[in-house]
Each structure stands twice: as structure tokens, then as C-alpha cells.
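The primary structure of each chain is shown beneath.
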Amino acid sequence: MPYRCSRCDKQAITNIKYARLRLCREHLTTYIEKKVESILRKYKVLETTRRIVLAVSGGKDSMAMTWVLWRLSQRYPIKLLVTNIDLGIDGYSRRSSEIVRKYSQELGIDYIIVKLEDLLAYNIKSLSRLARRSTCSMCGVVKRYLLNLIALESKADYVALGHNLDDILAYSLKSFLSGDYISLVKFTPITKSIDGIAVGRLRPFYKVYEKEALLLALTNKVPFIVDECPLRPESSIEFRIKSFLNSIEEEKPGIKIQWINNLEKSLRDMQRNLDVGENLRVYKCSYCGLLSKSSICSFCNTTKRVLGRPLGAELRETIKRIIMVKNSPFI
Ligand code: SF4
Ligand code: ZN
Ligand code: ZN
């Protein structure tokens with residue numbers, strides 16, 4: 001039997017059990033937009049930020065995030081730069097980049113699409129094979145490095161990631177289970193920039209359930225690539241953790257939002273007590289000068305080992321040129 005929206009007379013399209021709300025399309029959109037706006041305002045992002053680089057893969061989360069931030073950019077003085085990295089994965093990367101390009105044009109947002117093969121002469125599959133690393137871990141190194149470079153060179157205040165509430169709980173639980181407690185500290189809605197070497201991260205969907213991000217995209221006709229990356233492992237740890245968390249949420253609606261609220265609070269207290277210089281040692285890579293966990297960053301280390309020389313500094317020059325040639329009004 002169709003139900004009425006809890007906030008108007010229209011028919012509800014979803015039942016948000018943990019909030020005891022049945023919402024129509026319009027009120028679902030407002031509900032999610034408010035969640036995003038409130039987390040960004042809480043950390044004073046909308047008042048103090050000028051430039052945000054958006055990491056957009058073409059999937060539902062990053063595309064829905066693009067739409068929400070674009071709407072916020074109509075009301076706040078923030079400039080957006082959509083960034084997509086074409087990893088050269090069979091037809092998948094080309095299709096994803098195309099969706100990102102078309103949608104950025106449709107919304108009138110500046111965008112940059114960089115092709116890994118143009119930059120390094122290898123796609124992600126060949127690079128990881130040469131480096132003898134799993135494709136996903138190599139992919140993580142390359143994406144993090146490129147996003148940071150693009151954000152630094154375009155003088156952005158933040159890189160916005162499309163991670164939703166379910167992703168963050170799964171990543172943080174995985175870090176906890178593997179004993180990597182130091183990494184836990186980064187799963188906050190916002191991390192700060194480190195002058196000249198790393199641009200801070202934003203997670204605007206920190207309190208948005210995966211299901212809500214999907215509904216937001218579908219009901220607002222936000223295009224996205226439906227198929228998963230073909231290189232994704234069949235049953236990743238994150239996937240199993242998510243299924244486990246979903247089964248608990250089914251029994252106890254709201255447990256996930258309660259956990260993410262607790263995580264946010266505990267990490268904020270931890271961050272306050274941590275002296276970054278002492279406890280989380282920050283290094284500058286001796287080749288490229290960017291943030292590193294030791295004297296050489298993972299990117300320079302891998303390219304030196306696999307391709308014969310560390311390529312970070314060269315890549316930085318290339319990215320600088322791409323941004324200059326594009327002559328984006330973002331800059
Ligand atoms: Fe990269 Fe792995 Fe994600 Fe594919 S599944 S985009 S290879 S991290
Ligand atoms: Zn309504
Ligand atoms: Zn380096």
C-alpha cells in the first residue's frame with residue numbers, strides 16, 4: 001500500500017527507518033542535502049573554503065556528491081573542479097570518463113580528465129604487474145598521488161571524496177581489525193592540509209547511507225556507471241564487512257548512524273590530543289617534496305623501482321602544464 005510522505009501529501013518513495021521518516025522524492029533530496037550542508041558547515045568548510053577538487057570516478061557516490069556540491073555552489077562562494085583519472089581499465093575507464101565529462105559540461109563545472117597511459121605509458125594493470133602489487137593497492141597509490149598533485153597545483157583548499165557512511169565504517173573497521181590504528185585517525189569528515197605538501201580531504205557523504213546516495217542519484221537523474229570495476233576482487237573484506245553491518249542495521253535500524261557519530265566524536269578527540277609532528281610523523285619525499293610516510297613517497301619509490309627513475313617531480317611539471325593550458329577559471 002502506498003504511504004504518504006511524512007512532510008507533505010505526496011506519495012513516499014522511501015522509508016528511512018532509523019529516522020522514522022517516509023519521504024517523497026523532493027523531501028528525500030532535501031533531507032540528504034541538509035545532512036551534507038550541516039556536516040560542511042559544522043567544520044566551517046562552506047564559509048572558509050574557496051576551491052574544492054572533486055575526485056569523481058563516475059560511480060553513483062561521486063556523481064551524486066558532484067550534484068549536491070554543485071547545488072551548494074549556487075548558494076555559497078565555492079568553486080569546483082571535477083577530476084577524473086582514466087586508469088586504462090579495458091572499456092570501463094573510457095565509459096566512466098565519458099559520463100564524468102558529459103555531466104560536468106551539463107552542469108557547467110570545470111573538469112580535468114587525466115589518462116594514466118599518457119602520463120606514465122602504462123595502464124594500471126600493467127603497472128601493478130610490473131610492481132608486483134595488487135591492482136587495487138597500486139591504484140590507490142596512483143589515485144592519491146595524482147589527486148594531491150592536481151589539488152596542489154590548482155591551489156585547492158580540499159579534495160572531496162565520495163565515500164559514504166557505509167564505506168567509512170567498513171574502511172575504519174578494516175583498519176581496526178588489522179591493527180592499523182594510526183590510519184583510523186584519517187576517517188574523519190575532514191582532514192587538514194599540510195602547507196605545500198598535501199591538500200586536506202573532505203568527505204561530504206560522511207553521514208549519508210550508501211542506499212541514500214543511490215536513491216539521490218536515481219531520483220534526480222544523476223547519470224553514473226552501473227557496472228563495477230572489472231578488476232575489483234570478487235569478495236573483498238570491505239564488501240563482507242558491509243554485508244555484516246547491513247544485517248545488524250536490519251535488526252537495529254540506526255545502529256550505523258550511531259556508530260559513525262561515535263567514530264566522528266572519538267576521532268575528533270583523538271586528533272585534538274595528537275601532536276601530528278610527534279605521533280604521526282610527516283615526511284617530505286626527497287624526490288618530489290610531497291607528503292610521504294618515509295623519506296621517499298610510495299609513488300616515487302614504485303616508479304623508481306619499476307620504471308627506472310622516480311617520476312613524481314616530472315609528473316608535477318606535467319600536471320602544472322595541463323592546468324595552465326586548460327586555463328581554467330577555477331585557478
Ligand atoms: Fe582501482 Fe581496484 Fe577500485 Fe578498480 S576496484 S578502481 S582497480 S581500486
Ligand atoms: Zn514530501
Ligand atoms: Zn615522491
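Residues numbered from 1 in each chain as written. Chains lettered and ligands numbered in written order. Predicted model: local features only at pLDDT ≥ 70, side-chain atom pairs only at ≥ 80, totals over all residues. Heavy atoms only, no water.

Our next topic: helix 3 (residues 60–72). With 13 residues, helix 3 extends 18 Å from end C-alpha to end C-alpha; this agrees with the ideal 18 Å at 1.5 Å per step. Counting buried residues along helix 3, 11 of its 13 residues qualify, which places the element largely inside the surrounding structure. Three or more residues of helix 3 are buried, namely K60, D61, S62, M63, A64, M65, T66, W67, V68, L69 and L72. (Helix = DSSP H or I, 4+ residues; strand = E, 2+ residues; numbered from the N terminus. Expected span 1.5 Å × (residues − 1). Buried < 20%, exposed > 50% of the residue type's maximum accessible area, 1.4 Å probe, protein only.)

Protein coordination at the zinc ion (ligand 2): the donors are C5 (SG), C8 (SG), C24 (SG) and H27 (ND1), at 2.1 to 2.4 Å from the metal. The coordination sphere of the zinc ion (ligand 2) comprises 4 donor atoms, whose angles at the metal cover 99 to 113°; the geometry is tetrahedral. A residue is classified by how much of its surface remains accessible, and C8, at 22% relative accessible area, is partly exposed. (Donors = N, O, S within 2.8 Å, 3.2 Å for Na, K, Ca; no water. Tetrahedral: all angles 85-135°; square planar, octahedral: opposite > 155°, others 65-115°.)

Time to look at the site of ligand 1. For ligand 1, the full set of nearby residues is C136, C139, K143, C229 and R232. Looking at the shell around ligand 1 residue by residue, the classes come out as 3 nonpolar, no polar and 2 charged. (Near = heavy atom within 4 Å. Nonpolar A, V, L, I, M, F, W, Y, C, P; charged D, E, K, R; others polar.)

Looking now at the coordination of the zinc ion (ligand 3). For the zinc ion (ligand 3), the full set of protein donor atoms is C285 (SG), C288 (SG), C297 (SG) and C300 (SG), and the range of their distances to it is 2.3 to 2.4 Å. Considering all 4 donor atoms around the zinc ion (ligand 3), the spread of angles at the metal, 104 to 115°, places the coordination shape in the tetrahedral class. Along the chain, the residues that donate to the zinc ion (ligand 3) are spaced as C-x2-C-x8-C-x2-C. Overall, the relative accessible area of 10% leaves C288 in the buried class.

Scanning all chains against the criterion turns up 22 salt bridges. Its salt-bridge partner being E210, residue K60 comes within 3.0 Å of it at the nearest N-O pair. With a gap of 150 residues between them, K60 in helix 3 and E210 in helix 10 (residues 210–219) connect regions that are remote in the sequence. Its relative accessible area of 16% is what places K60 among the buried residues. Residue R101 pairs with E98 through a salt bridge whose shortest N-O separation is 3.3 Å. Here E98 and R101 lie together in helix 4 (residues 90–107), a separation of 3 residues that amounts to about one turn. The class for R101 is partly exposed, based on a relative accessible area of 29%. Look at E98 and you get partly exposed, because its relative accessible area is 33%. When salt bridges that share partners are traced, they join K60, D61, D167, E210 and K242 into one network. (Salt bridge = Lys/Arg side-chain N within 4 Å of Asp/Glu carboxyl O.)

For the rest of this paragraph, the subject is a nonpolar patch on the surface. A grouping of F176, L177 and Y181 is seen on the molecular surface, where their side chains present a nonpolar patch of about 350 Å² in accessible area. Relative to the helices and strands, F176 resides in helix 8 (residues 165–177). (Patch = residues over 30% accessible without salt bridge, like charges linked within 9 Å, V, L, I, M, F, W, Y side chains within 5 Å. Areas by Shrake-Rupley, 256 points an atom, 1.4 Å probe, with all protein chains shown as cover.)

A full pass over the atoms with the stated rule returns 4 aromatic pairs. Seen from their ring centres, Y145 and F299 are 4.3 Å apart, and the 5° between their planes marks the pair as stacked. Taken as a pair, Y145 in helix 7 (residues 135–153) and F299 in helix 14 (residues 298–307) lie far apart in primary sequence, 154 residues in all. Using a relative accessible area of 3% as the deciding quantity, one classes F299 as buried. (Phe/Tyr/Trp six-rings, centres within 6.5 Å; stacked < 30°, edge-to-face > 60°.)

Here we come to the sheet that holds strand 4 (residues 79–86). The sheet built from 5 strands is open, its strands ordered 5-4-3-6-7 with parallel pairing. Looking at which strands have only one partner, the edges of the open sheet turn out to be strand 5 (110–115) and strand 7 (200–202). On average, each strand axis in the sheet is tilted by 30° relative to the strand beside it, whichever way the strands run. Here 3 bridges tie strand 3 (residues 51–55) to strand 6 (residues 158–160), and the two strands are oriented parallel to one another. Each bridged residue has a counterpart across the sheet, and for L54 the counterpart in strand 6 is A160. In the packing of helix 7 onto the sheet, contacts are made with strand 3, strand 4, strand 5, strand 6 and strand 7, and the angle to strand 4 comes to roughly 145°. (Pairing = 2+ DSSP bridges. Axes fitted to C-alpha atoms, helices over the stretch in contact; angles between N-to-C directions. Contact = heavy atoms within 4.5 Å.)

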